[in-house]
Amino acid sequence: MRDLFFVAFLGAFFLAGFKRPFLLIAVYAYIDIVSPQRLSYFLLNSIPISFIAFVAAVGSWMLVDDKKDCRLSARQAILLLLLAWCGYTTMTADFPINAATKWGWVWKAMLFAIFLPVTLRTRLRIEALALFMVLCASTIIINGGMKTALSGGGYGVLNLMVDNNSGLYEGSIISTVAISLIPLILWLSRHGTVFPPDWRVRLFAYALCFACLLMPIGTEARTGLVCIAVLAGLMLMRSKRRFLYGPLMALAALAAIPFLPASFTQRMSTIENHSQDESASTRLAVWKWTLDYVKDHPGGGGFDNYLQNKFTYVMQERVIDAAGSRMEKRMITDHGRAYHSAYFEMLGEQGYFGFLLWGLLHLICFIRTEAIRRMYRARDGDEAWVSPFALALQQGHVIYMVGSLFVGIAYQPFIFMMLSLQIGLDTYLTRKRKLAARRPLFPATPVAQGSVA
């Protein structure tokens, strides 16, 4: 029954796309974020729906969309160069079969990110993509938030509709994405036009924000707690009453501690001392191995080259026996551990050159979004939405990048969509400014009928 529902829903979605071609782009975003093929028992698993949606979206744009003044930005060129470099490292990868498997979805995510900005030619399209990103992610977030509120969740316990612990269904990833979406959710509740802001829209938005805040609790992802702290700091920076709201937020956090699951507070306490936590100690050992690896292999080792790592580290653990409590050191040898950091993932797999391109892409997006925020912050009327939107994208981007310090999400389709939104906003506003500059200051006065010119 579930399979039939998903097939019918996607079929209706695709049919609507033939009438409104931009909806085919929304279809691809939905498939990339929600991954309905993972929720299906059989039917969707046997159909390459992601590739079909990709071809349909690109094909509809080529056939019917307006391509006037369609240009690639410097960031799209950087992304294209990064895509080519990833293709090269895949062909020379240390583990060709594993690299080819990861390449199978990375190239589509990157190519779609290059293509997406050229379709964002109007405010409606920009807002529609942002709305679809929020609503698609909310199908996972609301599910996890409700289960957390009812059961408390737990590390590796919270079931987010599927047992497959990958993509946005992984605890640390969905916690990072959920917190990074909060600024965008709040923007939609104030400036949205698809669903004009009223009490119902605001109520849903605030409830969704609450569900986003519950995700780090339900998944017990320490990354999510760091992201919440970053979000609070970013919001206080822009608040005119930061000295009032700051202490109130700290007081609310302290008041919430007694209501949190004991397992959550115990796990969060390991942030203070990584030497007593095996997961944190392993990550540091992997990062050290990566730095040593790229010294000998500056071009990187291709996707999933972490499979060859092997290291030994010392971890402290508390031992309680008849003699009392004491700290003992224990030698641990491990191998084939994932990077658990987007930065080290990109460095180890793509080397110095790939890391430079990736870092440059994110840095330019941040700088350009800040420039837009400053340029339009005093605007009103039809342009009053621009500066708050740029700020929401910027805050979400910063939160995601901080979270990615501890999660291997360098190639996640979600962040590429967020970058595409920033690029699309920039190119859209640039086109508007150019059109405004072409308008004559003193338009010609129409000649009255019958007069002598």
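Above this text sits the structure in question.
Now for a description of the structure that goes with this document. Computed from a predicted structure; not experimentally measured. Each chain carries its own residue numbering, running from 1 in the direction its sequence is written. Residues qualify for local features only when their pLDDT is at least 70, as the model is predicted, and side-chain atom pairs are given and counted only at 80 or more; totals for whole chains, interfaces and linings, by contrast, use all residues. The side-chain figures draw on all heavy atoms in the structure; neither hydrogens nor water molecules are used.

**Let's talk about the overall build of the protein**
No. 1: Assigned secondary structure in the protein consists of 16 helices and 2 strands.
No. 2: We call a residue buried when its accessible area falls under 20% of the maximum for its residue type, exposed when it is over 50%, and partly exposed in between, using a 1.4 Å probe and counting protein chains only. Split into buried and exposed, the 453 residues of the protein put 49% on the buried side.
No. 3: Between two residues, a contact is recorded if the distance between any of their heavy atoms is within 4.5 Å. Partitioning the contacts of the protein with sequence separation of at least 6, the portion at a separation of at least 24 is 76%.
No. 4: Accessible area for the protein stands at about 22,700 Å²; split by element, carbon and sulfur atoms hold 66% of it. Helix and strand assignments come from DSSP, with helices taken as H or I runs of at least 4 residues and strands as E runs of at least 2, each series counted from the N terminus. The Shrake-Rupley method, run with a 1.4 Å probe sphere, supplies the accessible areas, and residue values consider only the shown protein chains as cover.

**Re the pattern of salt bridges**
No. 1: Salt bridges are defined by distance alone: a side-chain nitrogen of Lys or Arg within 4 Å of a carboxyl oxygen of Asp or Glu. Scanning all chains against the criterion turns up 9 salt bridges.
No. 2: Here Asp 198 and Arg 200 are joined by a salt bridge, their closest N and O atoms 2.8 Å apart.
No. 3: Accessibility expressed as a relative area gives 22% for Asp 198, which makes it partly exposed.
No. 4: Note that Glu 370 and Arg 373 form a salt bridge whose closest N and O atoms lie 2.8 Å from each other. In this pair, Glu 370 and Arg 373 both sit in helix H14 (residues 342-376), 3 residues apart, roughly one turn of the helix.
No. 5: Among the residues examined, Glu 370 registers a relative accessible area of 14% and is labelled buried.

**Notes on the nonpolar core**
No. 1: Of all hydrophobic cores here, the largest spans 106 residues; its most connected members are Ile 33, Ile 141, Leu 181, Phe 389, Leu 421 and Leu 425.
No. 2: If you tally residues by element for this core, the top one is helix H8 (residues 171-191), at 12 residues.
No. 3: Ignoring anything within four residues of it in the chain, the contact list for Leu 181 reads Met 133, Val 134, Ala 137, Ile 141 and Phe 414.
No. 4: Core analysis: the next-biggest nonpolar cluster, separate from the first, contains 13 residues, Ala 285, Val 286, Trp 289 and Tyr 313 among them. Note on terminology: a nonpolar core comprises buried Ala, Val, Leu, Ile, Met, Phe, Trp, Tyr and Cys residues joined through side-chain atoms within 4.5 Å.

**Structural notes on unusual backbone geometry**
No. 1: One non-glycine residue, Asp 304, adopts positive backbone phi at about 60°.
No. 2: Within the element layout of this structure, Asp 304 appears in the loop between helix H13 (278-296) and strand E1 (310-321).
No. 3: Residue classification places Asp 304 among the buried residues on the basis of a relative accessible area of 15%.
No. 4: Phi is positive for His 340, close to 55°, though the residue is something other than glycine.
No. 5: One can find His 340 in the loop between strand E2 (324-335) and H14.
No. 6: We classify His 340 as partly exposed; its relative accessible area is 29%.

**Focus: the environment of Gly 336**
No. 1: Of note, Gly 336 is situated in the loop between E2 and H14.
No. 2: Of the residues examined, Gly 336 reaches a relative accessible area of 25% and is grouped as partly exposed.
No. 3: Once the C-alpha coordinates of Gly 336 and Gln 308 are considered, the two residues, 28 residues apart in sequence, prove to be 5.6 Å apart.
No. 4: What Gly 336 contacts, discounting residues up to four positions off in sequence, is Tyr 306, Leu 307 and Asn 309.

**Describing the packing of aromatic side chains**
No. 1: Classification of ring pairs uses Phe, Tyr and Trp, with its six-membered ring standing for Trp, and accepts pairs whose centres are within 6.5 Å; under 30 degrees between planes counts as stacked, over 60 as edge-to-face, and the remaining range as tilted. All told, the structure shown has 20 aromatic pairs when counted by the stated rule.
No. 2: The interplanar angle of 55° and the centroid separation of 5.9 Å between the aromatic rings of Phe 112 and Phe 115 together place this pair among those described as tilted. Of this pair, Phe 112 and Phe 115 both sit in helix H6 (residues 96-115), 3 residues apart, which is roughly one turn of that helix. In this pair, the class of Phe 112 matches that of Phe 115, namely buried.
No. 3: Taken together, the ring pairs connect Tyr 28, Phe 54, Trp 61, Trp 107, Phe 112 and Phe 115 into an aromatic cluster.

**Regarding a nonpolar patch on the surface**
No. 1: The patches described consist of residues with a relative accessible area above 30% and no salt bridge, like charges being joined within 9 Å and nonpolar side chains (Val, Leu, Ile, Met, Phe, Trp, Tyr) within 5 Å. A cluster of nonpolar residues, Leu 124, Leu 135, Val 194, Phe 195 and Phe 204, forms a patch on the protein surface that exposes about 440 Å² of accessible area.
No. 2: Mapped onto the secondary structure, Val 194 falls in the loop between H8 and helix H9 (199-219).
No. 3: Judged by relative accessible area, Val 194 falls into the partly exposed class, the value being 35%.

**Some remarks on the environment of Leu 356**
No. 1: With respect to the helices and strands, the residue Leu 356 is situated in helix H14.
No. 2: Judged by relative accessible area, Leu 356 falls into the exposed class, the value being 53%.
No. 3: The spacing of Leu 356 and Leu 82 is 274 residues in sequence and 9.4 Å in space, taken between C-alpha atoms.

**Section: the side chain of Asp 304**
No. 1: The charge count includes Lys and Arg as positive and Asp and Glu as negative, but it does not include His or the ends of the chains. Although Asp 304 is buried, it makes no salt bridge; Lys 102 carries the closest opposite charge, 4.2 Å away.
No. 2: Not counting chain neighbours up to four residues away, the residues in contact with Asp 304 comprise Phe 95, Asn 98, Lys 102 and Glu 349.

**With respect to the packing of helix H7 (residues 123-151) against H8**
No. 1: In this analysis an axis means a line fitted to C-alpha atoms, helices contributing only their contacting stretch, and an angle means the value between N-to-C directions, from 0 to 180 degrees. The N-to-C vectors of H7 and H8 enclose an angle of 135°; their axes lie 10 Å apart at closest approach. When the axes of H7 and H8 are compared, the pair comes out oblique. In this structure, the crossing between H7 and H8 has a hand that is left-handed. Of H8, the residues touching H7 (which contributes Arg 123, Glu 127, Ala 130, Leu 131, Met 133, Val 134, Ala 137, Ile 140 and Ile 141) are Ile 174, Ala 178, Leu 181, Leu 184, Ile 185, Trp 187, Leu 188 and His 191.
No. 2: Within the contact of H7 with H8, the residues separate by chemical class into 14 nonpolar, 1 polar and 2 charged. Each angle is binned into one of four classes, with values under 35 degrees roughly parallel, values over 145 roughly antiparallel, values of 65 to 115 roughly perpendicular, and all other values oblique. Two helices that cross are described as forming a left-handed crossing if the nearer one is turned anticlockwise from the farther one by less than a right angle, and a right-handed crossing if clockwise. Residues are grouped as follows: Ala, Val, Leu, Ile, Met, Phe, Trp, Tyr, Cys and Pro are nonpolar; Asp, Glu, Lys and Arg are charged; all remaining types, including Gly, are polar.

**Quick notes on H7**
No. 1: Helix span, as expected, comes to 1.5 Å for every residue beyond the first. If you check H7, its first and last C-alpha atoms are 41 Å apart, about what 29 residues at 1.5 Å a residue would give, namely 42 Å.
No. 2: Maximal helix bending in H7 amounts to about 40°, located at Ser 138. The angle separating two fitted axes, one through the seven residues that finish at a residue and one through the seven that start at it, defines the bend at that residue.

**Here's the deal with the packing of H14 against helix H16 (residues 413-438)**
No. 1: Where H14 meets H16, the axes come as close as 10 Å, and the angle between the chain directions of the two elements is 45°. Our classification of the angle between H14 and H16 gives oblique. For the crossing formed where H14 meets H16, the hand is left-handed. On the side of H14, the interface is formed by Leu 361, His 362, Cys 365, Phe 366, Arg 368, Thr 369, Ile 372, Met 375 and Tyr 376, while H16 contributes Ile 415, Leu 419, Gln 422, Ile 423, Leu 425, Asp 426, Leu 429 and Arg 433.

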